[in-house]
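Residue-level structural notes
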Amino acid sequence: MAAFSAANAQTITTQANYIPEMWSDEIIGAFKANLVLANLVTKIMHNGKKGDTVHIPSQARGSASVKAAGNNAVTLITDTAGVVDIAINKHFEYSRLIEDMAEVQALDSYRKFYTDDAGFALAKQVDTDLHNLGEGLQSGATTDDTYAAAVIGSDGATTFLDASTGNAAAISDAGLRKVIQTLDDADVPLSERYLIIPPVEKKSLMGLSRFTEQAFVGEGGPSNTIRNGYLGDVYGVPIYVSTNVDSITCDDTSTVVKSCLLLHRSALGYVEQMGIRSQNQYMQEYLSDLFTADTIYGVGELRNDAGMAIIVPS
């Protein structure tokens, strides 16, 4: 009688053609970037209106005058208003061509993913264009991506230099107080200011007791910063974390630094002429369905002194 051997068992290899494969109806997409800036700037709705430029009047503040006693006329203030123009010159689209065979055989969930992905891709483009405007704040140049008017985070006063590996530095308590003072000195309103930082700076700030001690954040119980990691307001300025902040490559071509933005809502403007729309068209010549989402908008700087860029390491 032949010896019994487990080597003769039917395994998943020998039974491979009997084992069915199953596909989940769920789709795993790449993680999305945190997009926050479009909600923190001045948004001008221009939907359904004609034209390619929005003109925004810019009026200087007037000064009070002493009223001379007696029969003396009041002092008239004369000032010619300026204008800030935002060109509506950005038209971005997201398109996919889906062949009939793929349409018939693929799981229906791909449609939901493409629609969601289109909205995110277009929103990210708007967010990116707004972040790029940060280079022009405080009268910075906007043609060479050097952020010549930006400061470094350690003291909030030293000008950023991109020579060699650059001089970017993490935001310190003193640095944050200094950039806040810069906006204060320009009479920027205290309300509706925001600080947008990359995740690396969240890590740095969470290491400073000033940003996590209960006496400072004024939170107790489950809302305490130490327990949930939410930075909250610092010196009255809400902090937002974004993975889509602007990146700057230093002159050594390998060192990449990040641009944080401290700004008032009035610093930047976003004009939406056509919100994100989705369209489908059947194309018989390709036996395919064309899905396209697009948007038309413009962005621009409204108040040069109402914000500033702070450069930190990546």
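Residues numbered from 1 in each chain as written. Predicted model: local features only at pLDDT ≥ 70, side-chain atom pairs only at ≥ 80, totals over all residues. Heavy atoms only, no water.

**Regarding the overall build of the protein**
Scanning the protein for helices and strands turns up six helices and 13 strands. Within the span of the protein, comprising 314 residues, buried residues form 35% of the whole. In the protein, once contacts between residues fewer than 6 apart in sequence are set aside, the share between residues at least 24 apart is 73%. Summing over all exposed atoms, the protein offers an accessible surface of approximately 18,600 Å²; the carbon and sulfur share of this is 53%. (Helix = DSSP H or I, 4+ residues; strand = E, 2+ residues; numbered from the N terminus. Buried < 20%, exposed > 50% of the residue type's maximum accessible area, 1.4 Å probe, protein only. Contact = heavy atoms within 4.5 Å. Areas by Shrake-Rupley, 256 points an atom, 1.4 Å probe, with all protein chains shown as cover.)

**Here's the deal with the sheet that holds strand 11 (residues 268-283)**
Taken in spatial order, the four strands make up an open sheet running 1-11-12-4, and their pairing is mixed. Of all strands in the sheet, those with a lone pairing partner are strand 1 (42-45) and strand 4 (90-99), marking the two edges. Here the strands of the sheet are splayed against their neighbours by 25 degrees on average, with no regard to which way each runs. Here strand 4 pairs with strand 12 (residues 288-301) via 10 bridges, running antiparallel. What sits directly across from F92, in strand 12, is T295. (Pairing = 2+ DSSP bridges. Axes fitted to C-alpha atoms, helices over the stretch in contact; angles between N-to-C directions.)

**Points about the packing of aromatic side chains**
Within the structure shown, the criterion is met by six aromatic pairs. Judged by centre distance (6.0 Å) and plane angle (65 degrees), the rings of Y194 and Y240 are edge-to-face. Of the two residues, Y194 is situated in strand 6 (residues 193-197) and Y240 in strand 8 (residues 237-241); the sequence distance between them amounts to 46 residues. Between Y270 and Y297 the ring centres are 5.9 Å apart and the planes differ by 70 degrees, which places this aromatic pair in the edge-to-face class. Here Y297 lies in strand 12 and Y270 lies in strand 11, a separation of 27 residues in the sequence. For Y270, a relative accessible area of 6% translates into the label buried. By way of ring pairs, the aromatic residues F92, Y270 and Y297 are connected into one cluster. (Phe/Tyr/Trp six-rings, centres within 6.5 Å; stacked < 30°, edge-to-face > 60°.)

**Let's talk about the nonpolar core**
L130, F160, I171, L195, I196, L262 and I310 are the most contacted members of the largest nonpolar core, which has 47 residues in total. Leaving out residues up to four positions away in the same chain, L262 has contacts with V179, I180, L183, Y194, L195, V237, A306, G307, M308 and I310. Counting six residues, the second largest nonpolar core, distinct from the first, contains V54, I88, V271 and L302. (Core = buried A, V, L, I, M, F, W, Y, C linked by side-chain atoms within 4.5 Å.)

**Focus: the pairing of strand 11**
Bridge count for strand 1 against strand 11 is four bridges, and the pairing is parallel. Bridged to K43 within strand 11 is Y270. Once strand 11 ends, the chain turns through four residues before running back antiparallel as strand 12, passing L287 with a positive phi of about 45 degrees.

**Describing helix 3 (residues 173-185)**
With 13 residues, helix 3 should reach 18 Å at 1.5 Å per residue; the first-to-last C-alpha distance of 18 Å fits that figure. Listed in full, the buried residues belonging to helix 3 are D173, G175, L176, V179, I180 and L183. Those residues of helix 3 that are buried lie in contact with strand 5 (151-152), strand 6, strand 7 (233-234), strand 8, strand 10 (256-264) and strand 13 (307-313). Just past helix 3, the residue D187 takes up positive phi, approximately 60 degrees. (Expected span 1.5 Å × (residues − 1).)

**Re the confidence of the model for the protein**
On average, residues of the protein score 85 in pLDDT, and 83% of them are at 70 or above. Segment residues 225-230 is flagged for pLDDT under 50; beyond a separation of four residues in sequence, or across chains, it makes 13 contacts in the model. (pLDDT = per-residue confidence, 0-100.)

**Things to note about the environment of T249**
Looking at the element boundaries, T249 is found in strand 9 (residues 247-249). By relative accessible area, which is 42% here, T249 ends up partly exposed. Spatially, the C-alpha atoms of T249 and D162 are 7.7 Å apart, while their sequence positions differ by 87 residues. Apart from the residues lying within four places of it in its own chain, the contact partners of T249 are S254, T255 and V256.

**Thoughts on the side chain of H264**
Positionally, H264 belongs in strand 10. Within polar-contact distance, the side chain of H264 engages the backbone oxygen of S191 at 3.0 Å. Those residues in contact with H264 that sit more than four places away from it in its chain are V188, P189, S191, E192, R193 and A306. (Polar contact = N/O pair within 3.5 Å; in protein donor to acceptor, adjacent residues only side chain to side chain.)

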